[in-house]
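As a plain string of letters, each chain reads:
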Amino acid sequence: FPVFIVRVADPTGAPTVWAVAAFAAVAAGAHLVNGLRDLDIDRAAGLGGAVVRLGASRARVLAAVAFGGAGVAVAVGAREAGPALRVLLPAAVVAALVPGLWLIGPRQSFRWLLIAVVAVVVLLVATILSGDLSLLA
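It should be emphasised that the depicted structure is a prediction, and the values quoted were computed from it without experimental measurement. (Residues numbered from 1 in each chain as written. Predicted model: local features only at pLDDT ≥ 70, side-chain atom pairs only at ≥ 80, totals over all residues. Heavy atoms only, no water.)

**What to know about the packing of helix H2 (residues 17-37) against helix H5 (residues 56-77)**
Close contact between H2 and H5 brings their axes to 8 Å; oriented N to C, the two are set at 160°. It follows from the interaxial angle that H2 and H5 lie roughly antiparallel. Once H2 is placed against H5, the crossing between them reads as left-handed. Counted by class, the contact of H2 with H5 contains 19 nonpolar, 3 polar and 1 charged residues. (Axes fitted to C-alpha atoms, helices over the stretch in contact; angles between N-to-C directions. Helix = DSSP H or I, 4+ residues; strand = E, 2+ residues; numbered from the N terminus. Parallel < 35°, antiparallel > 145°, perpendicular 65-115°, else oblique. Left-handed = near helix turned anticlockwise from the far one by under 90°. Nonpolar A, V, L, I, M, F, W, Y, C, P; charged D, E, K, R; others polar.)

Right under this line is the structure:
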């Protein structure tokens, strides 16, 4: 996705590594969260996806680690921004994505995740438009 966004803006441009890493981490975590809601159905059907093999607890922990990794990637991207942004942006990413894994049931977790990802994207876009962060390498 970051590659697509950058290529639309500048066909010769390349996205930053932090943006690609953050997106990949969120996508991996989202895959695990999405699998949680179908875990019982998949298990009963004999399917052996990642979440079935990991189990609910490990899938949640791995999703949290992925979302934490996204926060770290954003922190790397924001390292040259002002001090408040260097701390607040990655903290906001983690705070938006991680709590839904344990605070609500598996069926609602994916809805929470979708809302949280939209909030994170709005925050990142606002930060990029302000000039404090760049997607271009």
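Don't stop here, the text continues.
**Describing the confidence of the model for the protein**
Per-chain confidence: the protein averages 82 in pLDDT, with 96% of residues scoring 70 or above. Mean pLDDT across the elements of the protein bottoms out in helix H7 (residues 100-103) (70) and peaks in helix H4 (residues 50-54) (91). (pLDDT = per-residue confidence, 0-100.)

**Points about the packing of aromatic side chains**
Counted according to the given criterion, the structure contains 1 aromatic pair. Geometrically, the ring pair formed by Phe1 and Phe23 is stacked, given 5.8 Å between the ring centres and 25° between the ring planes. Highlighted residues: Phe1 in the segment before helix H1 (2-9) and Phe23 in helix H2, separated in sequence by 22 residues. The partly exposed category is assigned to Phe23, whose relative accessible area is 38%. (Phe/Tyr/Trp six-rings, centres within 6.5 Å; stacked < 30°, edge-to-face > 60°. Buried < 20%, exposed > 50% of the residue type's maximum accessible area, 1.4 Å probe, protein only.)

**Considering H2**
Counting along an α-helix, one turn takes 3.6 residues, and residues three or four places apart therefore face a common direction. Here H2 is 21 residues long and its end C-alpha atoms lie 31 Å apart, about the 30 Å a rise of 1.5 Å per residue gives. Among all positions in H2, only Trp18, Ala19, Ala22, Ala25, Val26, Gly29, Ala30, Leu32, Val33, Gly35 and Leu36 are buried. (Expected span 1.5 Å × (residues − 1).)

**Comments concerning the nonpolar core**
Within the largest apolar cluster, 36 residues are counted, with the highest numbers of intra-cluster contacts made by Trp18 and Phe67. At the level of elements, H2, H4, H5, helix H6 (83-97) and helix H8 (106-129) are the ones that each hand at least two residues to this core. Broken down by element, the residue count for this core peaks at 9 residues, all from H2. Leave out the neighbours within four places in its chain, and Trp18 touches Ala73, Val74, Val76, Gly77, Leu124, Leu133, Ser134 and Leu135. (Core = buried A, V, L, I, M, F, W, Y, C linked by side-chain atoms within 4.5 Å. Contact = heavy atoms within 4.5 Å.)

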